[in-house]
Amino acid sequence: MILESGRTTGTVLVLTEPTDKSADLVVRELERRNAQVFRADTGDFPLSLSVSAWFDGSWDGEIRSPDGSVGLRDIRSVYVRRPTAFTFPPSMNDAEQRFAAREARRAVGGLLMSLPGCSWVNHPSRAADAEYKPLQLITAAACGLAVPRTAITNVPGDAADLSDRLGGSVVYKTLSGASVPDGERVSLVYTTPITVADMSDDRVALTAHQFQERVPKVRDVRATVVGKHVFAASILVTDEAAGDLLDWRADYTALRYEPVSLPEGVESALLMMTEQLGLSFAAADFVVTADDTHYFVDLNPNGQWGWIEDATALPIAEAIAALLTGEDQ
C-alpha cells in the first residue's frame, strides 16, 4: 500500500512516470501481497519530490512527496520502470538546469545505489551497460544463442563488401531505439529492408549504422525474463493486409499473441545471457525460421510487457512482485 503519511518499513520503491500501466500492474500485485509501496517519479524532483539525507557511516534520510515519505534505510528493493527526467523551475536558464540535473542525478542516484542489501529490477548501471547492442550480440552468441550476421559501420565505401558478408537480403536497425524526437513530434524508425545502394549512400558516413542479414522468419517471439523465469509469447500476423510484417511494432492491430515455450537450449542460453549482463528483468526478441531456429535479435533491459500480459495472461507482474518482495529467491 502507498501510505498517506509517515515513514514506511520494508518498502518497495517504484520509480516510474505517473501513467505507466505496466507499473500499475506490479503495484496492484504488491498491494495484494500486503507489501508496502512508495511510488515516485524523478520528474517530480525538485518541484514536489524532495530528498534529505546524512552520512554517519551509512546513509540515512528520507525521500518525501505530497503522498508521504520513505526512509532510505527502509527501502528493501527498487523497481526502476520508466522514470522521467528531473524538472526544474522555468525561471532557471538552460545552463543552470543542466548543472542542476547533473547534481540531482549524482545525489539521488548515488544515494539509492549506496543502499546496503537493496535489490534492484534492474540496477541502473547494469541496465545502462546492457543497452549496447554490440555487447548484446556478442554475449548472446557466447551463451549459445543463434545471432544474425551483423555489421556496424559509417563507411559507405564498405557497402559491397559488407553486403557480401551479410548475404543477399539486408535490413537496417537502429542501435538506440526506434523513437526519434523531432520537436513536438516523435518519429519511429522501424527495421527496414535496404540495398547496397542504401549502404553506400554518403549519409552513412554521418553516424554509425547497424546492418543485419534478413532472417527468413515465420514468426516472432517476445521472451520476458524475470529472475529465473521466462515468459514467452509468439507474435503472429493475423491481418492478411499487413502481409509479411518485417517489424511487428509497425502495426499492433494486425497481431495476435500465443503463449509458447522456448526450446530448452534457447531458454537456458537466454537465462545465462541475462545473468552475465547482471539483469533481473529483460524483454528479448527472437525471429523464428521454418526449422524452428530461434535467432536472437534484440534485448531491452526495460522493455514494455504490460500488453503481452493483457493478451496472454502470462503472470509477469506476479513474478516481478515476487522478485521485489524477496519471495522468488
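See above for the structure.
Residues numbered from 1 in each chain as written. Predicted model: local features only at pLDDT ≥ 70, side-chain atom pairs only at ≥ 80, totals over all residues. Heavy atoms only, no water.

**Some remarks on the packing of aromatic side chains**
At step 1: This model, assessed by the stated rule, comprises eight aromatic pairs.
At step 2: Among the aromatic residues, those joined into a ring-pair cluster are W248, Y252, Y257 and W307. (Phe/Tyr/Trp six-rings, centres within 6.5 Å; stacked < 30°, edge-to-face > 60°.)

**Describing helix α9 (residues 316-324)**
At step 1: Extensive coverage of α9 is indicated by the burial of eight of its nine residues.
At step 2: Regarding α9, the residues found buried are I316, A317, A319, I320, A321, A322, L323 and L324.
At step 3: A positive phi of about 80° marks G326, the residue just after α9. (Buried < 20%, exposed > 50% of the residue type's maximum accessible area, 1.4 Å probe, protein only. Helix = DSSP H or I, 4+ residues; strand = E, 2+ residues; numbered from the N terminus.)

**Quick notes on the sheet that holds strand β1 (residues 11-15)**
At step 1: Overall, parallel pairing links the four strands, which are arranged β2-β1-β6-β7 in an open sheet. The two strands at the open ends of the sheet, each matched to only one other strand, are β2 (36-40) and β7 (119-121). Strand-to-strand twist of the sheet, defined as the mean angle between neighbouring strand axes without regard to direction, takes the value 20°.
At step 2: Taken together, the five bridges between β1 and strand β6 (residues 75-80) define a ladder with parallel strand orientation. Note that in β6 the partner of V12 across the bridge is S77.
At step 3: Contacts from α9 reach β1, β6 and β7, with the element oriented near 145° to β6. (Pairing = 2+ DSSP bridges. Axes fitted to C-alpha atoms, helices over the stretch in contact; angles between N-to-C directions. Contact = heavy atoms within 4.5 Å.)

**Quick look at the pattern of salt bridges**
At step 1: Taken as a whole and judged by the stated rule, the model has 18 salt bridges.
At step 2: Across the pair R73 and D56 runs a salt bridge whose closest N-O atoms are separated by 3.0 Å. Taken as a pair, R73 in the loop between β5 (68-71) and β6 and D56 in the loop between β3 (50-55) and β4 (59-65) lie far apart in primary sequence, 17 residues in all.
At step 3: Judged by relative accessible area, which is 44%, R73 ranks as partly exposed.
At step 4: Beyond isolated ion pairs, a larger network of salt bridges with shared partners links E29, R32, R33 and E327. (Salt bridge = Lys/Arg side-chain N within 4 Å of Asp/Glu carboxyl O.)

**Some details on the pairing of strand β17 (residues 281-289)**
At step 1: For β17, a buried count of nine out of nine residues is recorded, marking the element as mostly surrounded by other parts of the structure.
At step 2: The pairing of β17 with strand β18 (residues 294-300) spans six bridges and is antiparallel. Bridge pairing in β18 places A284 opposite L299.
At step 3: The antiparallel hairpin formed by β17 and β18 contains four residues in its connecting segment, where D292 sits at a positive phi of about 70°.

**Observations regarding the pairing of β1**
At step 1: In terms of burial, β1 is largely enclosed, as five of its five residues are buried.
At step 2: A two-sided burial pattern is seen for β1, the buried positions comprising T11, L13 and L15 on one face and V12 and V14 on the other.
At step 3: The sheet contact formed by β1 and β2 spans five bridges and is parallel. Residue pairing across strands places T11 opposite Q36, the latter belonging to β2.
At step 4: Remark: the β1/helix α1 (residues 21-32)/β2 crossover connection has right-handed handedness. (Right-handed = clockwise from strand over helix to strand, strands pointing away.)

**With respect to the sheet that holds β17**
At step 1: Read across the sheet, five strands follow the order β16-β15-β14-β17-β18 without closing on themselves; strand pairing throughout is antiparallel. Here the strands that pair on one side only, and so sit at the sheet edges, are β16 (255-260) and β18. Adjacent strand axes in the sheet meet at a mean angle of 25°, parallel and antiparallel pairs treated alike.
At step 2: Examined bridge by bridge, strand β14 (residues 217-226) and strand β15 (residues 229-237) share seven bridges and lie antiparallel to one another. Residue pairing for β15: R222 is matched across the bridge by A233.
At step 3: On the sheet, helix α7 (residues 264-277) packs against β14, β15, β17 and β18 and is oriented at approximately 30° with respect to β18.

**Regarding α7**
At step 1: Here α7 is 14 residues long and its end C-alpha atoms lie 20 Å apart, about the 20 Å a rise of 1.5 Å per residue gives.
At step 2: What α7 keeps buried is the set V266, A269, L270, L271, M273, T274 and L277.
At step 3: In this fold, the buried residues of α7 make contact with α3 (124-130), α4 (133-142), β14, β15, β17 and β18.
At step 4: Residue G278 follows α7 closely and has a positive phi angle near 75°. (Expected span 1.5 Å × (residues − 1).)

**Observations regarding the side chain of Q210**
At step 1: Mapped onto the elements, Q210 comes out in strand β13 (residues 209-213).
At step 2: Take Q210: its relative accessible area is 5%, and that puts it in the buried class.
At step 3: Side-chain polar atoms of Q210 contact the backbone oxygen of T174, separated by 3.5 Å.
At step 4: Sequence-distant contacts of Q210, defined by excluding residues within four places in its chain, comprise K133, L137, T150, A151, I152, V171, Y172, K173, T174 and L175. (Polar contact = N/O pair within 3.5 Å; in protein donor to acceptor, adjacent residues only side chain to side chain.)

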